[in-house]
Amino acid sequence: MYAVVRVQGKQYRVAEGQQLLVDRLHAEPGERVELEPLLVRPDGGDVVLDAKALAKARVEAVVKQHERGPKLRILKFKPKKGYKRRTGFRAELTRLEVTKIAMTGTRSSKSEKKQGDGS
């Protein structure tokens, strides 16, 4: 089973037990967070894209630790002008471990459709 989730405007393909690095979240290490699913594919099943079905999908993760990314050096240079600028950047990141991907209540939605057709 895998899912595509949105975390702070970026999309990631995740599976249970997988770790991923995302932009810094406001959560303490050890805290559980729920991720927004955009697509879910159960084992041996079809891809679920329907908004009603995705409302019943849950993707949970645990914050493992906060990290800093590699240092990036940025150099601006204009030849023959004597212009040089050097700056740097390090991203603030959070390491997440996906603990649970679940679809709940998919059979009840089929029975609701049958009841709704008879009205």
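Residues numbered from 1 in each chain as written. Predicted model: local features only at pLDDT ≥ 70, side-chain atom pairs only at ≥ 80, totals over all residues. Heavy atoms only, no water.

### Focus: the environment of alanine 55
Within the secondary structure, alanine 55 is located in helix H1 (residues 51-55). The exposure class assigned to alanine 55 is exposed, which follows from its relative accessible area of 65%. Taking C-alpha positions, alanine 55 is 9.3 Å from glutamate 36, a pair spaced 19 residues apart along the chain. (Helix = DSSP H or I, 4+ residues; strand = E, 2+ residues; numbered from the N terminus. Buried < 20%, exposed > 50% of the residue type's maximum accessible area, 1.4 Å probe, protein only.)

### As for the pattern of salt bridges
Tallying each qualifying case throughout the model produces eight salt bridges. Here lysine 10 ties to aspartate 23 by a salt bridge, and the two come within 3.2 Å at their closest N and O atoms. A residue pair is termed long-range when its members are at least 10 positions apart, and lysine 10 in strand S2 (residues 10-15) and aspartate 23 in strand S3 (residues 19-23) qualify at 13 residues. Using a relative accessible area of 40% as the deciding quantity, one classes lysine 10 as partly exposed. Here glutamate 92 ties to arginine 68 by a salt bridge, and the two come within 3.2 Å at their closest N and O atoms. Taken as a pair, glutamate 92 in strand S8 (residues 92-103) and arginine 68 in strand S5 (residues 57-68) lie far apart in primary sequence, 24 residues in all. On the accessibility criterion, arginine 68 (47% relative accessible area) is partly exposed. (Salt bridge = Lys/Arg side-chain N within 4 Å of Asp/Glu carboxyl O.)

### Observations concerning the sheet that holds S5
Within a sheet, each strand pairs with its neighbour through backbone hydrogen bonds, oriented either parallel or antiparallel. Strand order in the open sheet formed by six strands is S2-S1-S4-S5-S8-S3, with antiparallel pairing between adjacent strands. Where the open sheet ends on each side, the last strands, each with one partner, are S2 and S3. When strand polarity is set aside, the average angle formed by the axes of neighbouring strands in this sheet is 45°. Sheet analysis places strand S1 (residues 2-7) next to strand S4 (residues 32-41), joined by five bridges and oriented antiparallel. When the bridges of S4 are listed, valine 4 appears paired with leucine 39. (Pairing = 2+ DSSP bridges. Axes fitted to C-alpha atoms, helices over the stretch in contact; angles between N-to-C directions.)

### With respect to the environment of valine 48
Relative to the helices and strands, valine 48 is located in the loop between S4 and H1. Note on valine 48: relative accessible area 15%, which makes it buried. Taking C-alpha positions, valine 48 is 9.8 Å from methionine 103, a pair spaced 55 residues apart along the chain.

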